[in-house]
Each structure stands twice: as structure tokens, then as C-alpha cells.
Amino acid sequence: MPWETFALNLQKAKTERVACQWNCRAGILVSVSKGAHTGGASKRFVKSTPQSRMNYLQPIDYQTPEFGELYDELPLWSAHFGLSMLQHVEMRPGMSILDVGAGTGFLSIELAQRCGPDSRVIAVDPWTHATARLRRKIQQLGVTNIEVRDQDITAVDLPDNSIDLIVSNLGINNFDNPLAALNTCFRLAKPGASLFLTTNLQGHLAEFYDAYRDTLIELGHHSCLEHLDRHIQHRAAIPSVTSQLEAAGFIVYSAYESTFHERFVDGTALLNHHFIRLAFMQDWRSVAPAGQEQATFTALERRLKSVAQAQGELSLTVPAACIHARKPGSLMEISS
Ligand SMILES: C[S@@+](CC[C@H](N)C(=O)[O-])C[C@H]1O[C@@H](n2cnc3c(N)ncnc32)[C@H](O)[C@@H]1O
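Residues numbered from 1 in each chain as written. Predicted model: local features only at pLDDT ≥ 70, side-chain atom pairs only at ≥ 80, totals over all residues.

Thoughts on the packing of helix α7 (residues 206–218) against helix α12 (residues 293–311)
Consideration 1: Taken N-terminus to C-terminus, the directions of α7 and α12 make an angle of 125°; their axes are 9 Å apart at the nearest point. For the element pair α7 / α12, the angle class is oblique. In terms of crossing hand, the pair formed by α7 and α12 is right-handed. In this structure, α7 contributes Glu 207, Ala 211, Tyr 212, Asp 214, Thr 215 and Glu 218 to the contact, and α12 contributes Thr 296, Ala 299, Leu 300, Arg 303, Leu 304 and Val 307.
Consideration 2: Classifying every residue of the contact of α7 with α12 gives six nonpolar, two polar and four charged. (Axes fitted to C-alpha atoms, helices over the stretch in contact; angles between N-to-C directions. Helix = DSSP H or I, 4+ residues; strand = E, 2+ residues; numbered from the N terminus. Parallel < 35°, antiparallel > 145°, perpendicular 65-115°, else oblique. Left-handed = near helix turned anticlockwise from the far one by under 90°. Contact = placed C-beta atoms within 7 Å. Nonpolar A, V, L, I, M, F, W, Y, C, P; charged D, E, K, R; others polar.)

Given below as C-alpha cells:
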């Protein structure tokens, strides 16, 4: 999957040395063992002592190399959706929380801290470069209530009916087999437990796709228009995500919609942007006629430049949703 291409290749030995130093300083007891699930080193966290819960009284040394390296690690694209999740997600002390497709784990870390040490977050992702980084952040930050599993969600062997809250930021509904993932989530969720997922929606980058369509027409590539429409329509919509959730047995309660704008000076800046290249470019390229990609994108870049000149910038709309569903059952233990 394309996000793997920007995974940082961590040096495990260095990671563990840094973590050990940090944890000695923070006074948190951590044992390291080979985990059966992970196929690599996994951490078994020993519950923090009352003193260690007051680590917040200790100053944080921002002059360490590790601090600077990790400070701005969150992809801005994910942040828009993650912040929406944090606005709406249920929070109570003592929750068991499952983060599905956790990536480098900013949401896991936020929830673990915001829900307090009596809550437990299980961060699941088979992308091992990302989970290695998550482990490193956990150690550096001294967060004691996250367990990381390098696994496909369908392979997670947690007990049935054991999870209070499931979150997935830009995750489940984009997986190769969303229904299999949702079926597993349903099995793991306690009756009445909530699932929150975020996604971008149809209408995403509409101004770009209008320019792309006009470019294909200008160049006489009418046979590509159907491919472009298919590509645009594969994006999630509230009804399609609702159907996926209902097919797994969940009941959809709310869909919180929002919109943000990705702004660029022109099409050249857009098309060269690293995240655009990473997340979207190969799909966009596949719409152009084979062998005509360069000519198509030269014309598209020119057209986007005209749009930017006319409007003062290139502003692309991104509709987003945070969708809240529940597993049917008793809400007795779920205080809202
Ligand atoms: C778009 S990324 C989002 C990562 C992170 N939640 C964020 O917001 O930055 C989707 C993630 O889902 C993970 N993923 C894909 N299929 C999965 C599966 N079957 N089970 C668990 N995670 C999966 C990918 O490895 C990737 O890290």
C-alpha cells in the first residue's frame, strides 16, 4: 500500500537504547520480550506506580535529538481527520480502546493520554515500519497504556466482546476487505460499544477533477472520461459507509461532516507536493491514456495554472466525515 513508501526505516538497536535511557530517567518499569503476535520485540508494560503517574512534574528536555526528530511527525492530511475524531469520540476512564490501522499512532497516543492510565489502547497495524516508530514514540513519551500489534485486524486474537471503543482514522473503509475488518471489529466490540471512523467523501478535490475532465475533453481523450468518473465515484459516501457498517451488524448513529481546503499556489505546486504524489498521483496517472501521461499532465498543469491565476490560488475542497456506529446491545456500562 502506498503509505508504506514514506515509512521511516528505524534502526531498532538505536531505538531500544534511546527508550531504555528515557525510561530509566522517567522511572517507568518496562520489560522487553519476543512477542508471539508481532514476530519481533514487543513490550509488556508493567502498571505504573503512583509516583510515575506524576511524571508530568518533570521537565521535558526538548534539546534531545529524538525530541526534534519526532516533534512534527503527524501527517497534516491525517490531522484534519484525527482532530475531528478527537472532537466526537467517547472518552471515559477505564476504557479498552482498539485503534484499527493505527499507522504511526498519533491517535492511539492521544487517546491513551486523554483517557488516562486506567484505559488501555491496542494499536493494530501490519505496517511494521510505522509500528516501529509508534513504539519508539511511546517509549520516548513515557506512555504506559498502549499495546502495539503488528497485525492485520482480522488476525487479532483478542477475546470476543472485550472492547469498549473502536477507532479508525482513514482506515477500515479503505482496507482491501473492509467487511472482513468490520466483522472482526463487531466480534471484538462489547454490546453497546462504539465504533468511530473517519473518511474523506465524494466531492473530494472536486476542483482538481473538474480541471482533469476539461483537460481530457480538450485533448480528445473522451474514452478516458468513464475511467475518471469511476475513480471519482469509488470515494466513500455516507450511504456507502453506512451500508458497510450495517452489513457487519453495527447501527449508525451519527455522521459528523466537515470541509477543509487544501491550498496551493498553482497546479505545479500541487502535483509536486510529496503527499499528493504519495496518496493520489498513481491513480490519477492511470486515468490518462497509456503513453500519453506526460502530454496529459502538461496540459492539466497548464489548466490548473489558469484556474489559480483566475482565483488567486488553487483551493481544493475536501469533504470529510466522522461516523459513529454502535454494536447493538445494552448500554448499561456506557455512560454518555
Ligand atoms: C491511510 S493509513 C492511516 C493511518 C493512521 N490511522 C493515520 O490516520 O495516519 C491506513 C492504515 O491502515 C493500515 N491497514 C491497512 N489494512 C489493514 C488491516 N487489514 N488491518 C489493520 N490495518 C490495516 C495501513 O497499514 C495504514 O497504516
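Some details on the sheet that holds strand β5 (residues 146–149)
Consideration 1: One open sheet accounts for seven strands, arranged β5-β4-β3-β6-β7-β9-β8; its pairing is mixed. Only two strands of the sheet have a single partner each, and these edge strands are β5 and β8 (251–264). Neighbour to neighbour, the strand axes of the sheet diverge by 15° on average, direction disregarded.
Consideration 2: Pairing analysis gives four bridges linking strand β4 (residues 120–124) to β5, with the strands arranged parallel. Bridge pairing in β5 places Val 124 opposite Arg 149.
Consideration 3: Packing of helix α3 (residues 76–88) onto the sheet brings it into contact with β6 (163–169), β7 (189–200), β8 and β9 (314–326), and relative to β9 it is tilted by some 35°.
Consideration 4: Across the sheet, helix α4 (residues 106–114) lies against β3 (96–100), β4, β5 and β6, angled at about 175° from β4, the strand it touches most. (Pairing = 2+ DSSP bridges.)

With respect to helix α9 (residues 238–247)
Consideration 1: Buried within α9 we find Val 241, Gln 244 and Leu 245. Viewed along the axis of α9, the buried residues span an arc of 95°, placing them on a single side of the element. Exposed and facing more than 90 degrees away from the buried side of α9 are Pro 239 and Ser 243.
Consideration 2: On the buried face of α9, the contacting elements are α6 (178–188), β7, β8 and β9.
Consideration 3: Gly 249 sits one or two residues past α9 and shows a positive phi near 110°. (Buried ≥ 20, exposed ≤ 12 C-beta atoms within 10 Å, placed from the backbone. Arc of directions from axis to C-beta.)

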